[in-house]
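What the coordinates show
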Amino acid sequence: MPRHSETRQLPYMPEQMFDLVADVARYGEFLPWIAAVRVRENSATEMVADLVVGFKGISERFTSKVTKERAISIHVDYIDGPLRHLTNDWAFRPDGQGGTLVDFTVDFAFKSRLFEMLAGQVFDRALRKMIGAFETRAAELYAAGAAKASSLSGNGPGSNNSSAHSAA
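Owing to the predicted nature of the structure, the values given are computational and were not obtained by experimental measurement. (Residues numbered from 1 in each chain as written. Predicted model: local features only at pLDDT ≥ 70, side-chain atom pairs only at ≥ 80, totals over all residues. Heavy atoms only, no water.)

**Brief notes about the sheet that holds strand β6 (residues 83-94)**
If you trace the seven strands from one edge of the open sheet to the other, you get β1-β7-β6-β5-β4-β3-β2, paired in antiparallel fashion. Looking at the sheet topology across the chains shown, the edges are occupied by β1 (3-10) and β2 (34-42). On average, each strand axis in the sheet is inclined to that of its neighbour by 20 degrees, with strand direction left out of account. Here strand β4 (residues 58-69) pairs with strand β5 (residues 73-80) via seven bridges, running antiparallel. Paired with V66 across the strands is V76, a residue of β5. Those strands touched by helix α1 (residues 14-22) are β1, β3 (46-55), β4, β5, β6 and β7 (100-110), and its axis lies near 160 degrees from that of β6. (Pairing = 2+ DSSP bridges. Helix = DSSP H or I, 4+ residues; strand = E, 2+ residues; numbered from the N terminus. Axes fitted to C-alpha atoms, helices over the stretch in contact; angles between N-to-C directions. Contact = heavy atoms within 4.5 Å.)

Rendered as structure tokens:
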């Protein structure tokens, strides 16, 4: 059963990071291996979505329920598909420097032992690629605003303050 937890410090507001992660309908635009997305239900606090994930000729559909607490957390529960279980949690906390600490945890297991073995072999690389895709998307959407806010607060280029990404 692959499981991973980490914390990243990002130079964006918790609301921005929440909006990015909660925008499941756009995952196909930037996440690797997402072939299609269908949001069945969506409200301010809950969503049900189908995702089609494809990798090396294998394609699987799975359905998840997403519980949202605006700008604080997102919790994903698995409903249906090729997995035995899946839970995914995101928490967004102000870092005290105008950015966000993003806590991320994923835990899943495939029904198929073959898929489980294959996933174990590529899990770390795939996870890094996925997390990188979220960071890249955040930079594309929010970097201009973060740079402007940073220069207004004296944390722009040439200052001694750093908001580099870090993994805990």
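So, next bit.
**Notes on the nonpolar core**
One finds M17, Y27, I74, W90, F92 and F134 to be the most contacted residues of the largest nonpolar core, which totals 36 residues. Mapped by element, the contributors of at least two residues to this core are α1, α2 (27-30), β3, β4, β5, β6, β7 and α3 (113-152). Of the residues forming this core, the biggest block, seven residues, is contributed by α3. Setting aside anything within four residues of it in sequence, one finds F92 in contact with P14, M17, F18, V21, A71, I72, S73, I74, T100, L101 and V102. (Core = buried A, V, L, I, M, F, W, Y, C linked by side-chain atoms within 4.5 Å. Buried < 20%, exposed > 50% of the residue type's maximum accessible area, 1.4 Å probe, protein only.)

**Details of the confidence of the model for the protein chain**
Mean pLDDT over the protein chain works out to 84, with 82% of the residues at or above the 70 mark. α3 is the least confidently modelled element of the protein chain, averaging 77 in pLDDT, while α1 averages 98, the highest of any element. (pLDDT = per-residue confidence, 0-100.)

**What to know about unusual backbone geometry**
Notably, W33 is not glycine yet its phi reads approximately 75 degrees, a positive angle. If you trace the backbone, W33 turns up in the loop between α2 and β2. Among the residues examined, W33 registers a relative accessible area of 26% and is labelled partly exposed. Positive phi values are uncommon outside glycine, yet A71 reaches one of about 65 degrees. Structurally, the position occupied by A71 is in the loop between β4 and β5. What makes A71 buried here is its relative accessible area of 12%.

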